[in-house]
Amino acid sequence: MLRKPQNSGVKKLLLLQLSCAFLAQSCAATTPKHESCSPATEVLQVAPNIYVRPGHAAVVFEADEIANLGFIVGDRCVAVIDTGGSVAEGRALDCAIRNMTDRPVCYVINTHVHPDHLLGNAAFVRPGVEFIGHAKLPRALALRGDIYLERASAHEGRELDVSNIVFPERTVAETVELDIGGRILTVQPHDSAHTDHDLSILDSTTNTAFVGDLVFLEHLPVIDGSINGWIDELEQLSAVPLDYVVPGHGPASARWPAATTPTLEYLTGLREKVRAWIAKGGDLASAQANIDAPHAAQWPLVERYHERNVGAAFAELEWED
Amino acid sequence: MVNGPQTKAFLCLLAWPTLVLMLAPVAGEATTAEEDMLWTGGLRHAYFGDRPITQSDDLIVLDLPKRAENAAIVPVSISAQIPQTDERYIKTIYLIIDKNPGALAGKFHFTPKSGRADLAFRVRVDAYTPVRAIAETNDGELFMSRRFIKASGGCSAPAGSDLDAAMARLGKIKLKTQGETKFAEPTLAQLMISHPNLNGLQMDQVTRLYAPAHFVRHVKVSFDGEEIFSAETGFGISENPSFRFFFVPEGAGELTAEVIDTKDLQFSQSLRVTATGQQQLAQE
């Protein structure tokens, strides 16, 4: 497993302190209400009644707790945003929720298809829980489900079966609002960006949004949709006046729109290099062998994902006229 | 021979899940002999019978990454070590990915007018597997360049791009030459075909049905009516197939690419090549 760089914990703490300073409620107020459940994963309160289980940069199926997961507690019920890379991880999150509130979970919202965000879904399959995803999530899950099962089975103790692939019951093609009691969540589907089916979730009560993998921090961005689309989407989103966001990877919360800068710098830098390579007649293999990651030193997992990103960017950009 | 490549591909498709399970435990730590089990145990005879094959990099050199993080788009390049002359030339290159369902990714044909039998394209790789390029000369000799690649899941995983965008652009072709065109010398050309190349291996988890295969099966490129490169391709070729190859223009002329897919849809594109440059003509 790959460890985060030493300074990332410090950065995270600073970001959390910053966010706490702006909020009436203390971040330390995570005292469990009910000791009814174990083992519960540790969560951080990043805004009033918004909790995050931070992840650690690693390659899918090579570690646990990779993505940032979260939940928002309303007066009526709880909305869960992403469920982790395994049923065990989903159960530990479920347990943390039960220790925090006696409100039931009513929604599980998946920001996108990737296993580190979605394979905990099975822990929440029960009456009263509705699974929500982008309108294109079912197709992505249908296309990739089998390969996820196969890849997982190559890692001891991570074996999965078809019951682990939980499809959304409700899909979102246009922005919808969910009322969880006393607070309204706005669920927005995005055009092809990190994937072709990213969702973001805004809590207007605290002006905090879960942006899924539209924003990467402390984990190299991974292109699985469209580099052009992703840059466009982030540039548009930057103009939305949010206070804090929960990124898909990195600290539990980060200031907006500063949080978009590293991802945007990597993507625009990469796009420039790949366009130049194509323009001078270079091929895919030479592009992958020669194009370095922009700001490589700041990104964990460059060695695992950058070459793949060059390929994805090349395959898209070679069709530009 | 009874088992033609088509039959073979079909059989492999049926046997695929079992095969993967059988082979999974040895992948990664196998000896060359173990790695070559599928080749020696059947593929070799299915495609080449008892014909002698020389394993060496003297005639062609196969180049591909040792490890591919994106197994759906793995760049492959083959470089010929001899020029194409009327007396001696490479007639056909076979690209075989042992553990892929449908091991034969493609058969690529060259002529003396190709100038060089160099070729670059992209493949899907389904498992840790040997990959072999086998060149057949005009006098019937076979030479094999073999490599091993660590990649998995390329056949059933989508390339990761936007499927809707790919379908909307179906059949669009880009044809161009690279670098300066010098008459009577090998000139590098690139053919890009916008096609999802669906391989029939992506299962719908709800219906448990496979999306039907739909891929480019034949490509032919000619210069002023004379064939310089053609290919019979399988679903091991990545989506949006892209081929780089050489041709020798004796003077100004028209480079034409004709493409047929498994639904018998036909696409074509022409490029006017002159001493001063190139111009892609309107696509039919």
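About the criteria used
Residues numbered from 1 in each chain as written. Chains lettered and ligands numbered in written order. Predicted model: local features only at pLDDT ≥ 70, side-chain atom pairs only at ≥ 80, totals over all residues. Helix = DSSP H or I, 4+ residues; strand = E, 2+ residues; numbered from the N terminus. Buried ≥ 20, exposed ≤ 12 C-beta atoms within 10 Å, placed from the backbone. Contact = placed C-beta atoms within 7 Å. Pairing = 2+ DSSP bridges. Axes fitted to C-alpha atoms, helices over the stretch in contact; angles between N-to-C directions. Parallel < 35°, antiparallel > 145°, perpendicular 65-115°, else oblique. Left-handed = near helix turned anticlockwise from the far one by under 90°. Nonpolar A, V, L, I, M, F, W, Y, C, P; charged D, E, K, R; others polar. Expected span 1.5 Å × (residues − 1).

**Student:** Would you take a moment to explain the overall build of chain A for this structure?
**Tutor:** Looking only at helices and strands, chain A features eight helices and 13 strands. Each of the 321 residues in chain A was classed as buried or not, and the buried ones make up 56%. Sequence separation of 24 or more characterises 70% of the internal contacts of chain A that already satisfy a separation of 6 or more.

**Student:** So what exactly am I meant to see when it comes to the sheet that holds strand β10 (residues 199-203) of chain A here?
**Tutor:** Think of a sheet as strands paired side by side through backbone hydrogen bonds, with each pair either parallel or antiparallel. All names here are of chain A. Sheet architecture is open: six strands sit in the order β8-β9-β10-β11-β12-β13, paired in mixed fashion. Looking at the sheet topology across the chains shown, the edges are occupied by β8 (176-179) and β13 (254-255). Looking at chain direction, β10 and strand β11 (residues 208-216) are connected through three bridges and run antiparallel. Bridged to I201 within β11 is F210.

**Student:** In this structure, what is going on with the sheet that holds strand β6 (residues 130-134) of chain A? I would like to understand it.
**Tutor:** Residues and elements named next belong to chain A. Pairing is mixed across the open sheet formed by seven strands, whose spatial order is β1-β2-β3-β4-β5-β6-β7. Each of the sheet's edge strands pairs with one partner strand only, and the pair in question is β1 (44-47) and β7 (170-172). Here the strands of the sheet are splayed against their neighbours by 25 degrees on average, with no regard to which way each runs. Looking at chain direction, strand β5 (residues 105-109) and β6 are connected through three bridges and run parallel. Pairing of I109 across the sheet is with I132, part of β6.

**Student:** Any chance you could explain the pairing of β1(A) here in plain terms?
**Tutor:** A regular strand places its side chains so that they alternate between the two faces of the sheet. Residue and element names in this part refer to chain A. Two elements, β1 and strand β2 (residues 50-53), share three bridges in a ladder whose sense is antiparallel. Of the residues in β2, the one forming a bridge with L44 is V52. Between β1 and the antiparallel strand that follows it, β2, lie two residues; N49 among them carries a positive phi value of about 60 degrees.

**Student:** Hey, could you run me through the packing of helix α6 (residues 261-279) of chain A against helix α8 (residues 302-317) of chain A in this one?
**Tutor:** For any two helices packed against each other, the geometry is given by the interaxial angle and the distance between the axes. All names here are of chain A. Orientation of α6 relative to α8, taken along the N-to-C sense of each, is 60 degrees, at an axis distance of 10 Å. Relative to α8, the element α6 lies oblique. Of the two elements, α6 crosses α8, and the hand of that crossing is right-handed. Residue-level contacts link L270, R271, V274, R275 and I278 of α6 to N309, V310, A313, F314 and L317 of α8. Residue composition of the contact of α6 with α8, grouped by class: seven nonpolar, one polar and two charged.

**Student:** Is there a simple way to explain the packing of helix α5 (residues 227-238) of chain A against α6(A) in this structure?
**Tutor:** All names here are of chain A. Axis separation between α5 and α6 bottoms out at 10 Å; the angle between their running directions is 140 degrees. Here α5 lies oblique to α6, going by the angle between them. Two packed elements cross with a definite hand, and for α5 against α6 that hand is left-handed. Taking contact as the criterion, the partners of I227, W230, I231 and L234 in α5 are, on α6, T263, L264, L267, T268, L270 and R271. Of the residues contributing to the contact of α5 with α6, the split by class is seven nonpolar, two polar and one charged.

**Student:** What exactly am I supposed to notice about the pairing of strand β3 (residues 69-73) of chain A here?
**Tutor:** Residues and elements named next belong to chain A. A large share of β3 lies buried, amounting to five of its five residues. What you see with β3 is no split at all: L69, F71 and V73 on one side and G70 and I72 on the other are buried throughout. As paired strands, β2 and β3 are joined by four bridges and run antiparallel to one another. Paired with R53 across the strands is L69, a residue of β3. Pairing of β3 with strand β4 (residues 78-81), which is carried by four bridges, proceeds in the antiparallel orientation. Counted as the bridge partner of V73 is V78 from β4. Where β3 folds back on β4, the antiparallel hairpin that results is connected by four residues.

**Student:** What exactly am I supposed to notice about helix α2 (residues 87-100) of chain A here?
**Tutor:** Turn by turn, an α-helix covers 3.6 residues, leaving residues three or four places apart pointing in a common direction. Residues and elements named next belong to chain A. Taking 1.5 Å per residue, 14 residues should reach 20 Å; α2 reaches 20 Å between its end C-alpha atoms and fits that length. Of all 14 residues making up α2, 11 are buried, and the element is well covered by its neighbours. For α2, the set of buried residues is V87, E89, G90, R91, A92, L93, D94, A96, I97, R98 and M100. Where α2 is buried, its residues contact β2, β3, β4 and β5.

**Student:** It is not clear to me how the environment of D118(B) should be interpreted in this structure. Could you clarify?
**Tutor:** All names here are of chain B. Tracing the backbone shows D118 in the loop between β5 (104-110) and β6 (119-123). On a C-alpha basis, the gap between D118 and G102 in space is 23 Å, while along the polypeptide they are 16 residues apart. Among residues more than four places away in sequence, those in contact with D118 are I78, S79, A80, F245 and F246.

Everything listed here is a matter of geometry and, on its own, says nothing about what the molecule does.
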